[in-house]
Amino acid sequence: MGGRIINNGSISAHAPRPNSAPYTSTKHAITGLTKSCSLDGRKYNIAVGQIDIGNAATEMTKAMEKGVPQADGSRKPEPTMDVQHIADAVVHMANLPLDANIQFMTIMATKMPFVGRG
């Protein structure tokens, strides 16, 4: 008995990008899964949390250097962050004792358009 699950969410579930309905809807589903499993896991001493990631520097975000669609119809470059920061955050979540849990963590490039997006 006991354990930890860390689900991979996204900032997109909080502030979607234009034309991202399939991706955004799956990330909303992950949030629901995290909440339900967190509740159901209690009797088994399973801690469930979620990390919401924004603009990690990966192959998927390479296009951000040239510009990505914004809510106002423009295309703008966006900053990214080193994926090592995400790995460090996941390790921090994973190393907590089972009597403590980070339910939701948001980690993002500091200057990305998230707060106030749109």
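Residues numbered from 1 in each chain as written. Predicted model: local features only at pLDDT ≥ 70, side-chain atom pairs only at ≥ 80, totals over all residues. Heavy atoms only, no water.

I'd like to hear about the side chain of Ser 10, residue by residue, with values.
Relative to the elements of secondary structure, Ser 10 occurs in strand 1 (residues 3-10). A distance of 3.0 Å separates the side chain of Ser 10 from the backbone nitrogen of Ser 12, its partner in a polar contact. Within the structure, Ser 10 has its side chain in polar contact with the side chain of Tyr 23 (distance 3.3 Å). Ser 10 has contacts with Tyr 23, Lys 27, Ile 51, Asp 52 and Ile 53, leaving out every residue within four places of it along the chain. (Helix = DSSP H or I, 4+ residues; strand = E, 2+ residues; numbered from the N terminus. Polar contact = N/O pair within 3.5 Å; in protein donor to acceptor, adjacent residues only side chain to side chain. Contact = heavy atoms within 4.5 Å.)

So what's going on with the nonpolar core? Residues and values would help.
Ranked by internal contacts, the top residues of the largest apolar core, which has 14 residues, are Ile 51, Ile 86, Met 105 and Ile 107. Counting only elements with at least two residues in this core, the list comes to helix 2 (83-94) and strand 5 (104-108). Ranked by residue count, the leading element in this core is helix 2, at three residues. When residues no more than four places from it in sequence are discounted, the contact partners of Ile 107 are Ile 51, Asp 52, Ile 53, Gly 54, Met 81, His 85, Ile 86 and Ala 89. (Core = buried A, V, L, I, M, F, W, Y, C linked by side-chain atoms within 4.5 Å. Buried < 20%, exposed > 50% of the residue type's maximum accessible area, 1.4 Å probe, protein only.)

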